Amino acid sequence: TFMVDILTGLPSIVAALFIYTIWITAFGLQRNAFAMCLALLLLMIPVVIRSTEEMLRIVPDELREASYALGIPKWKTIARVVIPTALSGITTGIMLGIARVMGETAPALILLAYSSAINYNPFSGNMANLPLLIQGQFTNPSAAGFDRTWGAALTLVFLIMLFNLAATVVSWLSAIRKK
């Protein structure tokens, strides 16, 4: 819990510099999309852990006790009763964690260089992404660069909004209904 609290307040620039120090400086590996994924993972994990923890606490003790009263072992109670009851909240937490890291720019600036082409290998080469497109086109003095900047920003906002709406829908659809 203490480490999750620390990671919750971690700025994205610190996560990027930590991965840069370990991945590139210590191990001597190159800047690539996998290194950026590691930094984004550091930012996403606290959101997922915190939401999962809260969802597991919300599961009523009566459900656990009823399962134990039937003689079901603790591991089976967790697998068959607790997790399915909390699954909608866990899924929502995962989707919100992904939505949080979608627009992070600091890890992309430090750990990845921009490429206008799509690179399917996350372990080598530069990678195209929206935050770096916005940053790169912002300095373009032409009208097309201005339009690309605003188009990429609108696309990023739209994608994050879609992920948040999808998290709400998944939570609503997977919630256990009382009769």
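Residues numbered from 1 in each chain as written. Predicted model: local features only at pLDDT ≥ 70, side-chain atom pairs only at ≥ 80, totals over all residues. Heavy atoms only, no water.

Asks: How do you make sense of the overall build of the protein when you look at a structure like this?
Replies: Secondary structure assignment for the protein yields 8 helices and 0 strands. A compact globule built from 179 residues should have a C-alpha radius of gyration of about 16 Å, whereas the protein, at 21 Å, is more than 25% larger. The buried share of the protein, reckoned over its 179 residues, is 31%. Pairs at least 24 apart in sequence give 67% of the contacts found in the protein among residues at least 6 apart. Here the protein carries 12 positive and 8 negative side-chain charges, and the mean point of each set is 8 Å from the other. (Helix = DSSP H or I, 4+ residues; strand = E, 2+ residues; numbered from the N terminus. Rg over C-alpha atoms; globule rule 2.2 N^0.38 Å. Buried < 20%, exposed > 50% of the residue type's maximum accessible area, 1.4 Å probe, protein only. Contact = heavy atoms within 4.5 Å. Lys, Arg positive; Asp, Glu negative; His and termini not counted. Charge placed at Lys NZ, Arg CZ, Asp CG, Glu CD.)

Asks: Where do I start with the nonpolar core in this structure?
Replies: The tendency in soluble globular proteins is for nonpolar side chains to be buried side by side. Counting residues in hydrophobic clusters, the biggest one holds 21 residues, and the most contacted among them are I19, M36 and L111. For this core, the secondary-structure elements that each account for two or more residues are α2 (12-26), α3 (33-58) and α6 (106-111). Those residues in contact with I19, other than ones at most four positions away along the chain, are I24, A35, L38, A39, L42 and L111. (Core = buried A, V, L, I, M, F, W, Y, C linked by side-chain atoms within 4.5 Å.)

Asks: Just checking my understanding: could you explain the pattern of salt bridges for this structure?
Replies: Once the charged atoms of two side chains with opposite charge are near each other, the side chains can pair. If you walk through the whole model with that rule in mind, you get 5 salt bridges. Residue D61 is joined to R64 by a salt bridge in which the shortest nitrogen-to-oxygen separation is 3.1 Å. Taken together, the residues D61 and R64, both in helix α4 (residues 61-69) and 3 residues apart, mark about one turn of the helix. One continuous salt-bridge network, built from bridges that share partners, spans D5, R50, E53, E54 and R57. (Salt bridge = Lys/Arg side-chain N within 4 Å of Asp/Glu carboxyl O.)

Asks: Just checking my understanding: could you explain helix α7 (residues 130-138) for this structure?
Replies: Side chains three or four residues apart in an α-helix point the same way, a direct result of the helix having 3.6 residues per turn. The set of residues buried in α7 consists of P131, L132, L133, I134 and Q137. For α7, the secondary structure elements touched by its buried residues are α6 and α8 (143-174). With a side-chain oxygen positioned 3.0 Å from the backbone nitrogen of L132, the residue opening α7 is N129. (Polar contact = N/O pair within 3.5 Å; in protein donor to acceptor, adjacent residues only side chain to side chain.)

Asks: Hey, could you run me through the environment of L63 in this one?
Replies: Considering the arrangement of structural elements, one finds L63 in helix α4. For the pair L63 and D5, spaced 58 residues apart in sequence, the C-alpha separation works out to 29 Å.

Asks: Explain the side chain of S12 here, please?
Replies: Relative to the assigned elements, S12 resides in helix α2. In this structure S12 comes out as buried when scored by relative accessible area, which is 15%. Among all residues touching S12, those that are not within four sequence positions of it are L43, E104, A106 and P107.

Asks: Just checking my understanding: could you explain α3 for this structure?
Replies: With 26 residues, α3 ought to run about 38 Å at 1.5 Å a step, and its terminal C-alpha atoms sit 37 Å apart, in line with that. For α3, the principal kink sits at M44 and spans about 30°; a proline, P46, occurs within the next four residues. Taken as a whole, α3 has its buried residues at A33, A35, M36, A39, L40, L43, M44, P46, V48, S51 and T52. (Expected span 1.5 Å × (residues − 1). Bend = angle between axes of the 7 residues up to and from the residue.)

Asks: I would appreciate a short explanation of a nonpolar patch on the surface in the present structure.
Replies: Together, F158, L159, M161, L162 and L165 line one region of the surface with nonpolar side chains, adding up to about 430 Å² of accessible area. Residue position: L162 is located in helix α8. The class of L162 is partly exposed, set by a relative accessible area of 38%. (Patch = residues over 30% accessible without salt bridge, like charges linked within 9 Å, V, L, I, M, F, W, Y side chains within 5 Å. Areas by Shrake-Rupley, 256 points an atom, 1.4 Å probe, with all protein chains shown as cover.)

Asks: Help me out: how do you make sense of the packing of aromatic side chains in this one?
Replies: How two aromatic rings sit relative to each other is set out by the distance from centre to centre and by the angle between their planes. By the definition in use, this model includes 3 aromatic pairs. Plain terms: the ring middles of F34 and F123 are 4.9 Å apart, the flat faces sit at 35° to each other, and that makes the pair tilted. Residue F34 is located in helix α3, and its partner F123 is located in the loop between α6 and α7; the two are separated by 89 residues in the primary sequence. Taken together through their ring pairs, the aromatic side chains of W23, F34 and F123 make up a single cluster. (Phe/Tyr/Trp six-rings, centres within 6.5 Å; stacked < 30°, edge-to-face > 60°.)

Asks: Even after reading the chapter, I still don't get the confidence of the model for the protein, so can you show me in this structure?
Replies: Taken as a whole, the protein shows an average pLDDT of 87; of its residues, 97% reach a score of 70 or greater. Across the protein, the element-wise mean pLDDT spans from 83 in α7 up to 92 in α2. (pLDDT = per-residue confidence, 0-100.)

Asks: For this particular structure, what's the right way to read the environment of A39?
Replies: Mapped onto the elements of the fold, A39 is located in helix α3. Between the C-alpha atom of A39 and that of A26, which follows or precedes it by 13 residues, the distance is 16 Å.

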